[in-house]
Amino acid sequence: MLRSQIEHCATPVWYSHFRPITFDTLFVHLTPDFLAYLSADGVVLPPSLIPSHPHNQQQDSSDSEVDEEEWEETPQATQPDFPDLEEKVRLAIERLGGEAFIKLNWSAPRDVSWMLHDNSLCCRTPLDVILLLKGSEFIQHDLTQAFMECTDGISQTPTGGFVLTIRRFQSITPAGEFRCFVRANNLIAVSQRNHRQFLASIPADRINILNDIQHFFFNYIQAKFPDPDFVFDVYRSGPHHVILVDFNPFCRVTDPLLFAWEELCGLTPGPQPVFKVVENQESIKGHPYGANRVPQDIVSINNQQEINEFVSMFNNGKFAGDSDDDDL
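Since this is a predicted model, take the numbers as computed values, not measurements.

Draft legend 1. Looking closely at empty space enclosed by the protein. Considering all chains together, one arrives at 1 cavity of 30 Å³ or more under this definition. Empty space within the largest cavity amounts to approximately 40 Å³. Lining of the largest cavity is provided by Phe34, Leu85, Glu86, Val89, Pro126, Val129, Ile130 and Leu164. Of all the elements in the fold, those that place two or more residues in the lining of the largest cavity are helix 5 (83-95) and helix 6 (126-135). Split into classes, the residues belonging to the lining of the largest cavity amount to 7 nonpolar, no polar and 1 charged.

Right, here's the structure in full:
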């Protein structure tokens, strides 16, 4: 695989060419110091994003002394400070209506949606954005492994640098999400995007769904993307209404969902693409981010204040084992 095939799938690269058929998007270029912060261990938030807790000021003097002693024994990480970035993110979210969906050049932090109080990827503040970026393994993949499969260079930095992609948030119904596979500029396969859920409306309307996706491909995508082989995601919000969501490379780093890559590579263009959906409850696959899901003991976190308290406890070692021997 060539670097250009990965680069072409970065939202900052393709957005201007397909802007009329996708969600409104703004971009913020990330500085080296913020990228270093994302790559560093631990969850240390900028001080401007940490709210105060007035109720803690009512402690008696003995409790305060104990807390102060414990605090002094805990090594404190240097708090980062990114006022310019925070302001740019705040303004971008406001311009997009107050709610945004974020990603880096390629990946969204889908693996840590549990970190926001409504268990979604809807960001309303810079704090929401930084929590998702900092906690996501998918974001780390963009930073360190995006070009691992490429044969024409070893640099892991994209040509235009790393960019925070901020998109207008839209509530999406899982029954409208589909992944489309293109080879030699022909649509060869379509898969239900949410392959862990049986959605009866999809099999019942499969002919109309496929017709709408094919029409969208023929009119807006075919021969307009720089590479002949690629993958694109769409959202069909209703009959005859399809929106472009993203592009991905046609290779094994992209999830084939209900297909296998061996199967996709063996398909040849035909009159109709192969369309796979979850046909019944028994054919459901496991949760795609099972290894990244929230531990059961913090499932009860349900508001922003509790998120902040969780981060504070994490940084102060409250979740560490009882013995130093447990460290790996």
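Draft legend 2. The packing of aromatic side chains, seen in detail. For the structure on display, the rule yields 20 aromatic pairs. With a centroid separation of 5.5 Å and 85 degrees between ring planes, the pair formed by Trp106 and Phe147 is classed as edge-to-face. Taken as a pair, Trp106 in the loop between strand 2 (100-103) and helix 6 and Phe147 in the loop between helix 7 (137-144) and strand 3 (163-168) lie far apart in primary sequence, 41 residues in all. With respect to class, Trp106 is no different from Phe147; both count as buried. Measuring from centroid to centroid gives 6.2 Å for Phe230 and Phe232, while their planes differ by 40 degrees, and the two rings are tilted.

Draft legend 3. How the structure looks around the sheet that holds strand 4 (residues 177-183). Spatially, the 5 strands line up as an open sheet ordered 7-6-4-5-8, and their pairing is mixed. Strands at the two margins of the open sheet, each flanked by one partner only, are strand 7 (241-249) and strand 8 (274-276). Averaged over all adjacent pairs, the angle separating strand axes in this sheet is 25 degrees, with direction ignored. Looking at chain direction, strand 4 and strand 6 (residues 230-238) are connected through 6 bridges and run antiparallel. For Val182, the partnering residue across the bridge sits in strand 6 and is Phe230.

Draft legend 4. View of the packing of helix 3 (residues 32-39) against helix 6. Where helix 3 contacts helix 6, the axes come no closer than 8 Å and their chain directions differ by 60 degrees. As judged from the angle between their axes, helix 3 and helix 6 are oblique. When helix 3 is examined against helix 6, the residues Phe34, Tyr37 and Leu38 are found in contact with a partner set consisting of Ile130, Leu133 and Lys134. Each residue belonging to the contact of helix 3 with helix 6 can be placed in one class, and the counts come to 5 nonpolar, no polar and 1 charged.

Draft legend 5. Up close: the environment of Cys9. By secondary structure assignment, the location of Cys9 is in the loop between helix 1 (3-7) and helix 2 (11-18). For Cys9, a relative accessible area of 1% translates into the label buried. Taking the C-alpha atoms as reference, Cys9 lies 5.4 Å from Asn248; in sequence the two are 239 residues apart. Setting aside anything within four residues of it in sequence, one finds Cys9 in contact with Trp14, Asn105, Trp106, Phe225, Asp246, Phe247, Asn248 and Pro249.

Draft legend 6. Local environment of the pairing of strand 6. Burial analysis of strand 6 places 8 of its 9 residues in the buried class, which makes it a mostly covered element. If you look at the hairpin formed by strand 6 and strand 7, you'll find 2 residues sitting between the two strands, and His240 has a positive phi there, around 65 degrees.

Draft legend 7. A look at the sheet that holds strand 3. The strand order across the open sheet formed by 3 strands is 1-3-2, and the pairing between neighbours is antiparallel. The strands lining the two open edges of the sheet, one partner per strand, are strand 1 (25-29) and strand 2. Geometrically, the sheet is characterised by an average inter-axis angle of 25 degrees between neighbouring strands, direction not taken into account. With 5 bridges joining them, strand 1 and strand 3 adopt antiparallel strand pairing.

Draft legend 8. The pattern of salt bridges, seen in detail. Tallied over the entire structure, the rule returns 12 salt bridges. Between Asp233 and Arg179 there is a salt bridge, with the nearest N and O atoms lying 2.7 Å from each other. One end of the pair, Asp233, is in strand 6; the other, Arg179, is in strand 4, and 54 residues separate them in sequence. Residue classification places Asp233 among the buried positions, given a relative accessible area of 6%. A salt bridge links Arg206 to Glu279; its shortest N-O distance comes to 2.9 Å. Here Arg206 is found in helix 9 (residues 206-221), whereas its partner Glu279 is found in the loop between strand 8 and helix 11 (304-315), with 73 residues between them in sequence. Exposure remark for Arg206: the relative accessible area of 25% places this residue in the partly exposed category.

What counts and how
Residues numbered from 1 in each chain as written. Predicted model: local features only at pLDDT ≥ 70, side-chain atom pairs only at ≥ 80, totals over all residues. Heavy atoms only, no water. 1 Å grid on protein atoms, 1.4 Å probe; cavity = no way out; pocket = protein on both sides within 12 Å on 5 of 7 lines; lining within 4 Å. Points joined across faces, edges and corners; volume = space filled by probe spheres on them. Helix = DSSP H or I, 4+ residues; strand = E, 2+ residues; numbered from the N terminus. Nonpolar A, V, L, I, M, F, W, Y, C, P; charged D, E, K, R; others polar. Phe/Tyr/Trp six-rings, centres within 6.5 Å; stacked < 30°, edge-to-face > 60°. Buried < 20%, exposed > 50% of the residue type's maximum accessible area, 1.4 Å probe, protein only. Pairing = 2+ DSSP bridges. Axes fitted to C-alpha atoms, helices over the stretch in contact; angles between N-to-C directions. Parallel < 35°, antiparallel > 145°, perpendicular 65-115°, else oblique. Contact = heavy atoms within 4.5 Å. Salt bridge = Lys/Arg side-chain N within 4 Å of Asp/Glu carboxyl O.

The values reported here are purely geometric and, on their own, carry no functional implication.
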